[in-house]
Amino acid sequence: MTVDALPPASIDLDAVDLSDRDWWAGPPARRYATFARLREERPFAFYAEPEIPMLPSGPGYWAVTRYADVEAISSQPAVFCSGRGAVSIQDIPADLNEFYGSLISMDDPRHAKIRRIVSKTFTPRMLERTVDSVRAVVDDVLARARQTAAAQGGHVDVVADLAAPVPLRVICDMMGIPEEHRAMVLAHSTVILSGGDPELIEDQEQQLTVFLQAGMELAALMEALAAERLERPREDLTTALVTTDVDGERLSHQEIASFFILLLVAGNETTRNAISQGVLALAEHPEQRARWAGDPGLDRTAVEEVVRWASPVTWMRRTATRDGEVNGHRFAEGDKFLLLYGSANRDPAVFRDPEVFDLGRDPNPHVGFGARGPHFCLGAHLARREIAVTFRALLDQLPDLEVTAEPDRLHSSFVNGIKRLPARLTGVR
Amino acid sequence: MRITVDRELCIGSGACEALLPDVFEVGDDGVVTVLRPEVDPDVADEVRDAVAQCPTGALALASEGDGPAG
Ligand code: HEM
Ligand code: SF4
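Residues numbered from 1 in each chain as written. Chains lettered and ligands numbered in written order. Predicted model: local features only at pLDDT ≥ 70, side-chain atom pairs only at ≥ 80, totals over all residues. Heavy atoms only, no water.

Enquirer: Looking at this structure, how should I read the overall build of chain A?
Expert: Along its length, chain A carries 17 helices and 14 strands. On C-alpha atoms alone, chain A measures out to a radius of gyration of 21 Å, which is about the 22 Å that the 2.2 N^0.38 rule sets for 429 residues. In terms of principal-axis extent, the alpha carbons of chain A reach across some 60 × 60 × 45 Å. Across the 429 residues in chain A, those meeting the buried criterion constitute 59%. Excluding contacts between residues fewer than 6 apart, the proportion of contacts in chain A whose partners are at least 24 apart in sequence is 72%. When the accessible surface of chain A is split by element, carbon and sulfur atoms take 53% of a total near 17400 Å². A gap of 5 Å separates the mean positions of the 46 positive and 63 negative side-chain charges of chain A. (Helix = DSSP H or I, 4+ residues; strand = E, 2+ residues; numbered from the N terminus. Rg over C-alpha atoms; globule rule 2.2 N^0.38 Å. Buried < 20%, exposed > 50% of the residue type's maximum accessible area, 1.4 Å probe, protein only. Contact = heavy atoms within 4.5 Å. Areas by Shrake-Rupley, 256 points an atom, 1.4 Å probe, with all protein chains shown as cover. Lys, Arg positive; Asp, Glu negative; His and termini not counted. Charge placed at Lys NZ, Arg CZ, Asp CG, Glu CD.)

Enquirer: Sorry, what's going on with the pattern of salt bridges here?
Expert: Pairing is possible between side chains of opposite charge, provided their charged atoms come close. Residue and element names in this part refer to chain A. Considering all chains together, one arrives at 30 salt bridges over all chains under this definition. Arginine 84 is paired through a salt bridge with glutamate 333; the nearest N and O atoms lie 2.9 Å apart. Here the residue arginine 84 occupies a position in the loop between β3 (80–81) and α4 (94–101), and glutamate 333 occupies one in the loop between β9 (329–331) and β10 (336–340), the gap between them amounting to 249 residues. Look at arginine 84 and you get partly exposed, because its relative accessible area is 34%. Given the relative accessible area of 40%, glutamate 333 is considered partly exposed. (Salt bridge = Lys/Arg side-chain N within 4 Å of Asp/Glu carboxyl O.)

Enquirer: Would you mind showing me how to read the site of ligand 2 here?
Expert: Around ligand 2 sit 13 residues, and of these Cys10, Ser13, Gly14, Cys16 and Cys54 of chain B come closest. Each residue belonging to the shell around ligand 2 can be placed in one class, and the counts come to nine nonpolar, four polar and no charged. (Near = heavy atom within 4 Å. Nonpolar A, V, L, I, M, F, W, Y, C, P; charged D, E, K, R; others polar.)

Enquirer: Could you clarify how one ought to interpret the nonpolar core in this entry?
Expert: Generally speaking, nonpolar side chains in soluble globular proteins are found buried as a group. One finds Leu18, Met175, Leu263, Val279, Trp292, Phe337 and Leu401 of chain A to be the most contacted residues of the largest nonpolar core, which totals 132 residues. No other element matches the 15 residues that helix α13 (residues 253–284) of chain A contributes to this core. For leucine 263 of chain A, the contacting residues outside a window of four places in its chain are Phe122, Ile171, Met175, Leu237, Asn268 and Leu378 of chain A. Core analysis: the second largest hydrophobic core is formed by 18 residues, Ile3, Val26, Val34 and Cys54 of chain B among them. (Core = buried A, V, L, I, M, F, W, Y, C linked by side-chain atoms within 4.5 Å.)

Enquirer: I would appreciate a short explanation of the coordination of the iron atom of ligand 1 in the present structure.
Expert: Geometry sets the ideal angles at a metal, namely 109.5 degrees for four tetrahedral donors and 90 or 180 degrees for six octahedral donors. A lone protein donor contacts the iron atom of ligand 1, and this donor is Cys377 of chain A (SG), found at 2.3 Å. Position of cysteine 377 of chain A relative to the elements: it lies in the loop between α16 (341–344) and α17 (380–397). (Donors = N, O, S within 2.8 Å, 3.2 Å for Na, K, Ca; no water.)

Enquirer: Looking at this model, I keep getting lost on the interface of chain A and chain B. Mind explaining?
Expert: The parts lose accessible area when they come together, and the size of an interface is often stated as this lost area. Facing the twelve residues of chain A at the interface are 25 residues of chain B. When the two sides are added together, the surface that chain A and chain B hide from each other amounts to roughly 1400 Å², 49% of it contributed by carbon and sulfur. When the area that chain A buries against chain B is broken down by residue, the three leading residues are Arg116, Arg125 and Arg372 of chain A, summing to 42%. At the boundary of chain A and chain B, one finds zero salt bridges. (Buried area = accessible area lost by both parts, 1.4 Å probe.)

Enquirer: Looking at this model, I keep getting lost on the packing of α13 of chain A against helix α14 (residues 286–293) of chain A. Mind explaining?
Expert: The relative placement of two packed helices is expressed as an angle between their axes plus a distance between the axes. Residues and elements named next belong to chain A. Running from amino to carboxyl end, α13 crosses α14 at an angle of 110°, the nearest separation of the two axes being 5 Å. Overall, the two elements α13 and α14 adopt an arrangement that is roughly perpendicular. Here Leu282, Ala283 and Glu284 of α13 come into contact with α14, specifically with Pro286, Gln288, Arg289 and Trp292. Of the residues assigned to the contact of α13 with α14, the class counts are four nonpolar, one polar and two charged. (Axes fitted to C-alpha atoms, helices over the stretch in contact; angles between N-to-C directions. Parallel < 35°, antiparallel > 145°, perpendicular 65-115°, else oblique.)

Enquirer: Explain the site of ligand 1 here, please?
Expert: All names here are of chain A. Around ligand 1 sit 28 residues in total, of which His111, Arg115, Arg318, His375 and Cys377 are the nearest. Backbone polar atom of alanine 266 to a nitrogen atom of ligand 1: 3.5 Å apart, as the coordinates give it. At 2.7 Å, a side-chain N or O of histidine 375 approaches an oxygen atom of ligand 1. Secondary structure elements with two or more residues in the shell around ligand 1: α5 (110–119), α13, β7 (315–320) and α17. In terms of residue count, the dominant contributor to the shell around ligand 1 is α13 (seven residues). For the shell around ligand 1, the per-class residue count stands at 18 nonpolar, eight polar and two charged. (Polar contact = N/O pair within 3.5 Å; in protein donor to acceptor, adjacent residues only side chain to side chain.)

Enquirer: Where do I start with the environment of leucine 20 of chain B in this structure?
Expert: Checked against the element boundaries, leucine 20 of chain B lands in the loop between α1 (15–19) and β2 (24–26). For the pair leucine 20 of chain B and valine 47 of chain B, spaced 27 residues apart in sequence, the C-alpha separation works out to 7.6 Å.

Enquirer: Would you mind going over the packing of aromatic side chains with me for this structure?
Expert: Working definition: an aromatic ring pair is given by the centre-to-centre distance plus the angle between the planes. Residues and elements named next belong to chain A. Tallying each qualifying case throughout the model produces 14 aromatic pairs over all chains. Aromatic side chains phenylalanine 80 and phenylalanine 337 sit 5.4 Å apart centroid to centroid with 90° between the ring planes, which places their arrangement in the edge-to-face category. Placement of phenylalanine 80 in strand β3 and of phenylalanine 337 in strand β10 is noted, with a sequence separation of 257 residues between them. Summarising the burial analysis for this pair, phenylalanine 80 and phenylalanine 337 share the class buried. Taken together, Trp23, Trp24, Tyr32 and Phe35 form an aromatic cluster joined through their ring pairs. The ring of tyrosine 32 carries the charged tip of arginine 31 above its face, separated from the ring centre by 5.6 Å. The ring of tryptophan 309 has arginine 346 lying over it, and the distance from NZ or CZ to the ring centre is 4.4 Å. (Phe/Tyr/Trp six-rings, centres within 6.5 Å; stacked < 30°, edge-to-face > 60°. Lys NZ or Arg CZ within 6 Å of the ring centre and 35° of its normal.)

Enquirer: What is the right way to read the pairing of strand β14 (residues 422–425) of chain A from this model?
Expert: Taken residue by residue, a regular strand's side chains alternate between the two faces of the sheet. Residues and elements named next belong to chain A. Here β14 shows a buried face lined by Ala423 and Leu425 and an unburied face lined by Pro422 and Arg424. Pairing of strand β4 (residues 155–157) with β14, which is carried by three bridges, proceeds in the antiparallel orientation. If you follow aspartate 157 over to β14, its bridge partner there is proline 422. In terms of strand pairing, strand β11 (residues 401–403) meets β14 through three bridges, oriented antiparallel. Its bridge partner lying in β14, glutamate 402 is registered against arginine 424. (Pairing = 2+ DSSP bridges.)

Enquirer: Even after reading the chapter, I still don't get unusual backbone geometry, so can you show me in this structure?
Expert: One can expect most non-glycine residues to show negative phi and most peptide bonds to be in trans. Residues and elements named next belong to chain A. Going from aspartate 108 to proline 109, the amide bond is cis rather than trans, its omega being 5°. Within the secondary structure layout, proline 109 lies in the loop between α4 and α5. Backbone torsion omega between aspartate 362 and proline 363 reads 5°, so that peptide bond is classified as cis. By secondary structure assignment, the location of proline 363 is in the loop between α16 and α17. In this structure, serine 311 is a non-glycine residue whose phi angle is positive, near 35°. Among the secondary structure elements, serine 311 is positioned in the loop between α15 (299–310) and β7. Its relative accessible area of 2% is what places serine 311 among the buried residues. A positive phi angle is found at asparagine 327, which is not glycine, with a value near 45°. Summarising the element assignment, asparagine 327 is placed in the loop between β8 (324–326) and β9.

Now the structure itself:
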C-alpha cells in the first residue's frame, strides 16, 4: 500500500465543508491537501455548524489551520475560553457541558483547582509505577490476538484485537473497575466519542438521547465505585480521587463521575487511534517500520511522530470572551474557533517536510496533545508510555503482522478514528 | 541563573519533571516544586528546554542580578 500525496492545487476550496462528517472519513490525502490550501489562503475559514437533531444550531465557527494561530489562541485562555464548550461545535446546555466535559470544558478558577487535584496522579513519577502493569496488559493483549488469529485463519482486526483493549484495560486497571463492567465501559465510551457516526448511533434522530443514556450509565457505575472506595480504600486512582483534597476541598461524587467519563473517553479513543493509525502508518512506510524494529533507542522520537502523524484529536473548540484581534484576524465576542491540530501538525512553517513520516524527527513540537495552555493533555505521559510499550511489543512479538485491507474510517470531524483495520498474522495458519 | 515558577500558572502537567526529574517535582498540592533552583551548568540546556516547553509558561529563568533579593 502506498499513500499518494494530492497536489493542494487540485482542491476546490469552495466545495469543502468541514461540517460534513463524511468528508472526514474520506482519503487523508484529500484532507491534508485541503489543510495546506486553507493555511495558505484562508487561515481562518468560516463554516456553518453541522446540524444535530434536538440541539439548536449556532452562528458557525472559524476553522484555524496555521500552527502559529492555534498556539496564539490556545495560550490565551482568558480571551479564548473553554467553558462554553470545548468538545462540541454546538453550544450544549451548561449543566450537560460540565457533566460531559468536566475539566476540559471548564475555565479558571475552577479549572485550576480541579486540575491540581488530579494532576499529581498523572505525573511521570507516579506513572513510573504503572510501567510494569502497562507491559503486562500489552503482553496479554498480544497473546490473545495470537489466539484470535489462530482461530480465524490468521485474521485479526487491529482496532478490536490490539488497539482498543490496551488503553481500555490500562485505564480500567488504574481506576479499579471490575472486569465484569468493562465491556459496558468500552461500548458507552465508543458511543460518546462517536461524533454521531451513523454506524455507532443507528437512529440519528435519537443521537442526543443515546449519548445521554451512555453517560448516565457510566456515571452510575462510577458513583457506586467512588462510594465503595470511600469505605474500603484501595491502591487505585478512584481511591486517590475520593480522598484527595486541595485547600480543604474535595471532589464530590458527581464531579468524580464526570471526571471518570472524561478519562474514559479522553484516554481510550485517543490512544486507541494513535495505535491503529500508527500501525497503518508503519504498514505504509515499511522502511520506517524496519528502522524502528531494529532500534529501541528510537522509541522517544517515534512515539512523538506517531502522535503528530495521527493527530488523533482533530480539534478542540475555544470561544471568544470579548472582541479583539489575533495575528491580524479580527473577531467578536462569542466567536467560535476550532483549533485544527492535524493541520497545525503539518504546517511547513514549523515542520520541515511535514508530509514525511520520519520516526527520528527531532525537534518535533507537535500539538497532538493540545497546544500551549492550561488544558494541555493530562494523560500525555501515560499515552506516550502506552504507545511506546505497545509498539515495542508489536515489533518484537508480532513481527509477522500485515495490514491486509484499507481501514474503515470513523465518520467524525472530532476524532481521527479508524473503526476497523483488517490484518493477518502470517505466521499463523 | 535561577529557575523561578509562577505557582498560579502551573497546572502540574509534569512536562518539566519528565525532562529533569532531579530538578522538578510535582508535589502533593498538584503544583511543581523546583528541587534545585540554581541551574547546574551540566543540565543548562535541558533546563532551557523545560522552561520553553512548559505548556502554561509558568517557568522562567532569572539571572543572579535580577529581582529585589539579588
Ligand atoms: C495519544 C493519545 C492522546 C491524545 C492525542 C490526547 C489529546 C488531547 C488534547 C488535544 C487535549 C485538549 C487540549 C486543549 O484543549 O488544549 C487533551 C486533554 C485531556 N486529555 Fe488527552 N490525549 C491523549 C491521551 C489521553 C489519556 C491517556 C488521558 C487520560 C487517561 C487523557 C486525558 C485528558 C484530559 C483529562 C484532558 C483535559 C485536560 C484539561 O482540560 O485540563 N488524554 N488530550
Ligand atoms: S511544565 Fe509548567 S505547568 Fe507543567 S509542572 Fe512544570 S511548571 Fe507546572
